[in-house]
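Structure at a glance
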Amino acid sequence: MSQKRTWIILIIALLGLFIGFGAGGYLTSNRILRSVEQIPASPVVLDAVYDKEQNQLALSMMNPGPLPLNLLNYTIAFTPGSETEEAAYVVSNIPIDLTIPPFKMVTVLVNLKEETEKLAVGDLVTVSVFYTHPLSPDVYSVIHPYTQGETSQASDATPTPAQ
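What you are looking at is a predicted structure, and each value in this text was computed from that prediction instead of being measured.

Turning next to the nonpolar core. Ranked by internal contacts, the top residues of the largest apolar core, which has 25 residues, are Leu59, Met61, Leu71, Val108, Val110, Val127 and Val129. For this core, the secondary-structure elements that each account for two or more residues are β1 (44–51), β2 (56–62), β3 (69–79), β4 (89–100), β5 (105–111), β6 (124–132) and β7 (139–147). For this core, the element with the highest residue contribution is β3, accounting for 5 residues.

Take a look at the structure:
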């Protein structure tokens, strides 16, 4: 085979590789863009746990997006259940000033109103967390309701089998 043919075959093979890489990169970037567009630009509350001794809720919040979110403040609204004598109340604009890094989780401690009863079964606490997104000057909110359930002693009881 001549040297000219070898160079032509080599150039055609390299050209094919470049075209293949270009097409593959284009298709992959479009898939990634479609996936990223479906990621919510808001924190997601994964779990809420009530600490009776501290009289506070611990909210596990995750940022599933690729940009950091700045938590500004929160508001709580308490609605009593049938087993409590505490009156309903709202506490507004309690500063948090916390940033959730991309794809990370943080725990936000939400203090309930001071000098109030501990939560009883059926009590409802609605927490509104206000945050900003780096691509917008607007303030957004996430609202999470928490209802106090049965005590851990009652839920851990094992039923005795009937004979």
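Continuing now.
Before going further, it helps to spend a moment on the pairing of β7. Here β6 pairs with β7 via 9 bridges, running antiparallel. Pairing of threonine 126 across the sheet is with proline 145, part of β7. The antiparallel pairing of β6 with β7 creates a hairpin that spans 6 residues between the two strands.

Now for the sheet that holds β5. The strand order across the open sheet built from 3 strands is β1-β2-β5, with neighbouring strands paired in antiparallel fashion. Each end of this open sheet is capped by a strand with a single partner; those strands are β1 and β5. On average, each strand axis in the sheet is inclined to that of its neighbour by 20°, with strand direction left out of account. The pairing of β1 with β2 spans 7 bridges and is antiparallel. Along β2, the bridge assignment pairs valine 45 with methionine 61.

On to the sheet that holds β3. Across the sheet, which stays open at both edges, the 4 strands sit in the order β4-β3-β6-β7 with antiparallel pairing between neighbours. Two strands in the sheet have a free side with no partner beyond their single neighbour: β4 and β7. Averaged over all adjacent pairs, the angle separating strand axes in this sheet is 20°, with direction ignored. The sheet contact formed by β3 and β6 spans 9 bridges and is antiparallel.

Glancing now at the packing of aromatic side chains. What the rule picks out here adds up to 2 aromatic pairs. On the numbers, 5.0 Å between centres and 20° between planes, the contact of phenylalanine 78 with tyrosine 89 is stacked. Here phenylalanine 78, found in strand β3, pairs with tyrosine 89, found in strand β4; they are 11 residues apart in sequence, far enough to count as distant.

Taken together, the side chains of Trp7, Leu10, Ile11, Leu14, Leu17, Phe18 and Phe21 define a hydrophobic patch exposed on the protein surface, amounting to about 800 Å² of accessible area. As for its placement among the helices and strands, leucine 14 is situated in helix α1 (residues 3–37).

What follows concerns the environment of histidine 133. If you trace the backbone, histidine 133 turns up in the loop between β6 and β7. Along the backbone, histidine 133 and proline 68 are 65 residues apart, and their C-alpha atoms lie at a distance of 7.3 Å.

A few words now on unusual backbone geometry. Backbone geometry at aspartate 97 places phi at a positive 50°, although glycine is not the residue there. Following the sequence through the fold, aspartate 97 ends up in strand β4. Since its relative accessible area comes to 64%, aspartate 97 is described here as exposed. Although it is not a glycine, glutamate 115 sits at a positive phi angle of roughly 60°.

The rules behind these values
Residues numbered from 1 in each chain as written. Predicted model: local features only at pLDDT ≥ 70, side-chain atom pairs only at ≥ 80, totals over all residues. Heavy atoms only, no water. Core = buried A, V, L, I, M, F, W, Y, C linked by side-chain atoms within 4.5 Å. Buried < 20%, exposed > 50% of the residue type's maximum accessible area, 1.4 Å probe, protein only. Helix = DSSP H or I, 4+ residues; strand = E, 2+ residues; numbered from the N terminus. Pairing = 2+ DSSP bridges. Axes fitted to C-alpha atoms, helices over the stretch in contact; angles between N-to-C directions. Phe/Tyr/Trp six-rings, centres within 6.5 Å; stacked < 30°, edge-to-face > 60°. Patch = residues over 30% accessible without salt bridge, like charges linked within 9 Å, V, L, I, M, F, W, Y side chains within 5 Å. Areas by Shrake-Rupley, 256 points an atom, 1.4 Å probe, with all protein chains shown as cover. Salt bridge = Lys/Arg side-chain N within 4 Å of Asp/Glu carboxyl O.

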